[in-house]
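# Notes for the structure review
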Amino acid sequence: MSTMPGLRGCHARPTPDRTTPTAPQTPASEKDGRAGRSLMKDPRASALADYFYQRAAAFSFSADVNDAQDTARAGMALLDAAALAAQLSSSDVILRTLSEAGRFEMTPDRKAVFLETDELRAAIQRPLLGSQMTGYEILALVVKTARRR
């Protein structure tokens, strides 16, 4: 399995040659006092997470109809990928790579939309239906497919 620098979450694997960039400082006025976390989130991370949530919903509907456990597991892996994507920082290599591949469209209200292609949809659906994948592997597959463009 390949590793991707910059991915944080339950399936992240450290990469020996990775240098950790310094996170930009968030002014105190923009922080949530309860946890000290920034309220400002990268809209691309939200858009990618939303995309995975939508795909997971489609798999869930399929699993309900055909009672296939493999399909249900695929939906769960997509939910895992969504949770990982939601945590990505603005400087993450995943967001940068997908941006460079033209996979995000920014809206006037400073939000983003993940732009799916036929190749991306096929890349996600085929392996998920054939073999079990983790959320981390799904993110890696999306980036790999977007780079082929």
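Summary of the structure given here. Keep in mind it's a predicted model, so treat the numbers as computed, not measured. (Residues numbered from 1 in each chain as written. Predicted model: local features only at pLDDT ≥ 70, side-chain atom pairs only at ≥ 80, totals over all residues. Heavy atoms only, no water.)

## Some thoughts on the overall build of the protein
Along the protein, the regular secondary structure elements total five helices and two strands. For the protein, with 149 residues in total, the buried portion stands at 37%. Within the protein, contacts between residues separated by at least 24 positions form 68% of all contacts whose residues are at least 6 apart in sequence. In the structure as shown, the protein presents an accessible area of about 9100 Å², 51% of it carried by carbon and sulfur atoms. (Helix = DSSP H or I, 4+ residues; strand = E, 2+ residues; numbered from the N terminus. Buried < 20%, exposed > 50% of the residue type's maximum accessible area, 1.4 Å probe, protein only. Contact = heavy atoms within 4.5 Å. Areas by Shrake-Rupley, 256 points an atom, 1.4 Å probe, with all protein chains shown as cover.)

## Remarks on helix H5 (residues 135-147)
For H5, with 13 residues, the first-to-last C-alpha span of 19 Å sits near the 18 Å given by 1.5 Å per residue. The buried fraction of H5 amounts to 10 of the 13 residues, a majority that puts the element mostly inside the structure. Here H5 has its buried residues at Gly135, Tyr136, Ile138, Leu139, Ala140, Leu141, Val142, Val143, Thr145 and Ala146. (Expected span 1.5 Å × (residues − 1).)

## Observations regarding the pattern of salt bridges
Should the charged atoms of two oppositely charged side chains come close, the side chains can pair. Within this structure, the stated rule accounts for two salt bridges. With its nearest N and O atoms 2.8 Å apart, the salt bridge here joins Asp42 to Arg44. Of the two residues examined, Asp42 and Arg44, each falls in the buried class. For the salt bridge of Glu116 with Arg121, the shortest nitrogen-to-oxygen distance reads 3.1 Å. For Glu116, a relative accessible area of 31% translates into the label partly exposed. (Salt bridge = Lys/Arg side-chain N within 4 Å of Asp/Glu carboxyl O.)

## With respect to helix H4 (residues 118-130)
Its 13 residues place the ends of H4 18 Å apart at the C-alpha level, agreeing with the 18 Å of an ideal helix rising 1.5 Å per residue. Along H4, the positions that sit buried rather than exposed are Leu120, Ala122, Ala123, Ile124 and Leu128.

## Focus: the nonpolar core
If you look at the biggest cluster of nonpolar residues, it comprises 36 residues, and the most contacted ones within it are Leu48, Phe52, Leu98, Phe114, Leu128 and Ile138. For this core, the elements supplying multiple residues, two or more each, are helix H1 (43-66), helix H2 (69-86), helix H3 (93-100), strand S2 (112-114), H4 and H5. Here the element with the most residues in this core is H1; it accounts for eight residues. (Core = buried A, V, L, I, M, F, W, Y, C linked by side-chain atoms within 4.5 Å.)

## Details of unusual backbone geometry
With a phi angle near 65°, Arg110 is a residue other than glycine that sits in the positive phi range. For Arg110, the position within the fold is in the loop between strand S1 (104-106) and S2. A relative accessible area of 72% means that Arg110 is categorised as exposed.

## Regarding a nonpolar patch on the surface
A contiguous nonpolar patch, built from Tyr53, Met76 and Leu79 and spanning about 300 Å² of accessible area, is present on the exposed surface. Checked against the element boundaries, Leu79 lands in helix H2. (Patch = residues over 30% accessible without salt bridge, like charges linked within 9 Å, V, L, I, M, F, W, Y side chains within 5 Å.)

## Quick look at the side chain of Arg103
When you line up the elements, Arg103 lands in the loop between H3 and S1. It turns out Arg103 is buried and unbridged, and the closest side chain with the opposite charge, Glu119, is 7.2 Å from it. Engagement of the side chain of Arg103 in a polar contact is seen with the backbone oxygen of Ala101, the distance being 3.5 Å. Only 2.6 Å separates the side chain of Arg103 from the backbone oxygen of Leu115, close enough to count as a polar contact. (Lys, Arg positive; Asp, Glu negative; His and termini not counted. Polar contact = N/O pair within 3.5 Å; in protein donor to acceptor, adjacent residues only side chain to side chain.)

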